[in-house]
Amino acid sequence: MRRFDAIILGAGAAGLFCAAQAGQHGLRVLLIDHFDRVAEKVRISGGGRANFTNRELDPAAPHKHFIGRNPAFCRSALARFTPADFTALLDRHGIGYHEKHKGQLFCDRSADDLIGLLLAECDAAQSAGGLVERWQPCRVQRVEYGTAADDDPAQSSASYRITTERGLVETPALVVATGGLSIPKIGASGLGFELARQFGLKLTDTRPGLVPLTFDGAAWAPYAQLAGLSLPVRITIGDKPRRVDFHEDLLFTHRGLSGPAVLQISSYWRPGTPILIDLAPDVDLAAELLAAKARSRRLIARELAAWLPQRLAEAWVAQDAAWQRPINEASDKALQRLAECLQRWALTPTGTEGYRKAEVTVGGVDTRGLSSQTMEARTRPGLYFIGEVVDVTGWLGGYNFQWAWASAHACAAALGMRHRSLPTAQESL
Ligand code: FDA
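Let me sum up the structure you'll find in this document. (Residues numbered from 1 in each chain as written. Predicted model: local features only at pLDDT ≥ 70, side-chain atom pairs only at ≥ 80, totals over all residues. Heavy atoms only, no water.)

A word on the environment of V317. By the secondary structure assignment, V317 is in helix α11 (residues 310–317). Sequence spacing of V317 and L105 is 212 residues, and the spatial spacing of their C-alpha atoms is 40 Å. In contact with V317, other than residues within four places in its own chain, are I300, A301, L304, W323 and Q324. (Helix = DSSP H or I, 4+ residues; strand = E, 2+ residues; numbered from the N terminus. Contact = heavy atoms within 4.5 Å.)

Let us now look at the environment of A72. Relative to the elements of secondary structure, A72 occurs in the loop between β5 (66–67) and α3 (75–80). Between the C-alpha atom of A72 and that of T393, which follows or precedes it by 321 residues, the distance is 12 Å.

We now examine the pairing of strand β11 (residues 167–171). In this sheet, β11 lies alongside strand β1 (residues 2–3) in parallel orientation, the contact comprising two bridges. Residue pairing in the sheet places R2 in a bridge with V169 of β11. Counted along the chain from strand β10 (residues 159–164) to the antiparallel partner β11, the turn is two residues long. (Pairing = 2+ DSSP bridges.)

Residues F252 and L279 are the most contacted members of the largest nonpolar core, which totals 131 residues. Ranked by residues supplied to this core, first place goes to helix α13 (residues 399–421) with 12 residues. Counting only domains with at least three residues in this core, you end up with domain 1 (2–207 + 360–421) and domain 2 (213–352). Leaving out residues up to four positions away in the same chain, L279 has contacts with L231, P232, V233, L250, L308, L312, W316, L342, Q343 and W345. (Core = buried A, V, L, I, M, F, W, Y, C linked by side-chain atoms within 4.5 Å. Buried < 20%, exposed > 50% of the residue type's maximum accessible area, 1.4 Å probe, protein only. Domains from an automatic or database assignment.)

Bringing the environment of I186 into the picture now. Relative to the assigned elements, I186 resides in the loop between β12 (174–176) and α6 (191–198). Note: C-alpha distance between I186 and E40 (146 residues apart in sequence) is 6.8 Å.

Okay, the state of the cysteines next. Counted according to the given criterion, the structure contains zero disulfides. Not part of a disulfide, C107 finds its nearest cysteine sulfur in C122, a span of 17 Å. (Disulfide = S-S within 2.5 Å.)

Here we come to helix α4 (residues 83–92). All of the buried residues along α4 are P83, F86, T87, L89 and L90. Viewed end-on, α4 has its buried residues packed into an arc of 150 degrees, placing them on one side of the element. (Arc of directions from axis to C-beta.)

What follows is about unusual backbone geometry. With an omega of 0 degrees, the peptide bond running from Q136 to P137 counts as cis. Look at the link from K240 to P241: it is a cis peptide, with omega at 0 degrees. Note that P241 resides in the loop between β15 (230–237) and β16 (244–252). At K102, a position not held by glycine, the phi torsion is positive, near 45 degrees.

In the vicinity of the ligand lie 29 residues, with A14, D33, S189, E388 and F401 positioned nearest. Between the ligand and E388, the relevant distance is 2.8 Å, taken from an oxygen atom to a side-chain nitrogen or oxygen of the residue. Within the contact set of the ligand, an oxygen atom lies 2.8 Å away from a backbone nitrogen or oxygen of F401. In the complex, 92% of the free accessible area of the ligand, which totals 1000 Å², lies under the protein chains. No other element matches α13, which puts three residues into the shell around the ligand. In the shell around the ligand, the residues fall into 12 nonpolar, 13 polar and four charged. (Near = heavy atom within 4 Å. Polar contact = N/O pair within 3.5 Å; in protein donor to acceptor, adjacent residues only side chain to side chain. Areas by Shrake-Rupley, 256 points an atom, 1.4 Å probe, with all protein chains shown as cover. Nonpolar A, V, L, I, M, F, W, Y, C, P; charged D, E, K, R; others polar.)

To describe a pair of aromatic rings, you give the distance between the ring centres and the angle between the ring planes. For the structure on display, the rule yields 22 aromatic pairs. Ring centres 6.2 Å apart and planes at 65 degrees place the aromatic pair F73 and W403 in the edge-to-face group. With F73 in the loop between β5 and α3 and W403 in helix α13, this pair connects stretches of sequence that are 330 residues apart. Within the aromatic cluster, the residues linked to one another by ring pairs are F17, F52, F81, F86, Y97, F401 and W405. One Lys or Arg, K100, reaches over the ring of F106 and ends 4.5 Å from the middle of that ring. (Phe/Tyr/Trp six-rings, centres within 6.5 Å; stacked < 30°, edge-to-face > 60°. Lys NZ or Arg CZ within 6 Å of the ring centre and 35° of its normal.)

What follows is the structure in structure tokens.
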């Protein structure tokens, strides 16, 4: 059996970063992942350029950009490892990046550069007296905790024993970085949640987040022809004081709605609740239509095209005969009703595209069971949870990766402290 100072399950964003940092604190780290490719979500993120952080993140007010039972939980980790810390790392590696929209930072070239950085940081462990060994693909078969009679007491106190398809390994510090349930075909699994349950930690309800919303086939039929059309909207969910709204682009799809506006709101959506969309934000559409009536004889759809894409305007007026006429012939009431429908489009999704398409899992390991300083389970010394497996979900825009880096950094710092106060792991055959 081989013994490591720390074993990390999951070689994604959080697991790789934690392994690199812990290795650089001098730990001998084993990183295990069952998927054949490393950090696959980093690779496919941000359209292949990885939106790896967000400059607008405010560590002092995490509730602005993070969802979870207790958004304040992530304050400490986010304050100790900020977006500027991560960009400094990119600068050291000579990786170019740029800001796109609302503080979102992307790699100039490719997300592969970021994966290269994470792997190079793991390699750098050796020059600090540590080591990061990666077993991938390697299935985890069982995780147990305890002391075995055949242990050399000088070497081993209580520890985690992990049975893998490459053999049995042991460690005093087990880090669970297996992420959430989204996109199973690239490696997502429920292992992190199962381990939390096995070791007595509570979970909050999980659901797909940052995911397209779907609608009943017949009810959606009039809009299905709009698939591919995109426009800026204001989208709202909930009532005051818990109302949330986003001013972003919306995309019509064959089965429903997507685009940044809908992905953002989906993380707050619960089955049965309506969402409200303003398809012409920033104008008083009723006033504009009434003014147009006084000066124009064109069809209402043509006039609407000043504020909406033509295809949408035409599909919309087709819903009511009172809107399919020259604007000067329409009643004020009909125009006001049209404006109201477009600016307060209330609709109740029937579902989401599910984990198959979701960018994240909302919910996870209940933060009340974890230390916000170290990510260690309060009732299970030596067991840590980092990244998306924890009940911390960021907005679209680089917030989820920043949480992965920051929680990994906090955990690795704790592993470093622990390591300095414990005897070093010796390999035993
Ligand atoms: P992550 O999912 O990265 O890694 C978990 C690892 O654990 C995987 O390598 C997996 O194979 C492994 N694993 C799972 N089960 C296992 C098991 N049973 N045994 C062993 N290993 C196991 N975020 C952002 O901030 N900016 C962005 O641009 C995007 N874009 C984006 C696009 C798409 C398509 C998706 C799906 C997601 C995003 N995200 C994002 C979200 C972001 O990718 C996500 O929040 C982080 O990758 C989470 O990092 P973790 O390391 O926690 O999990």
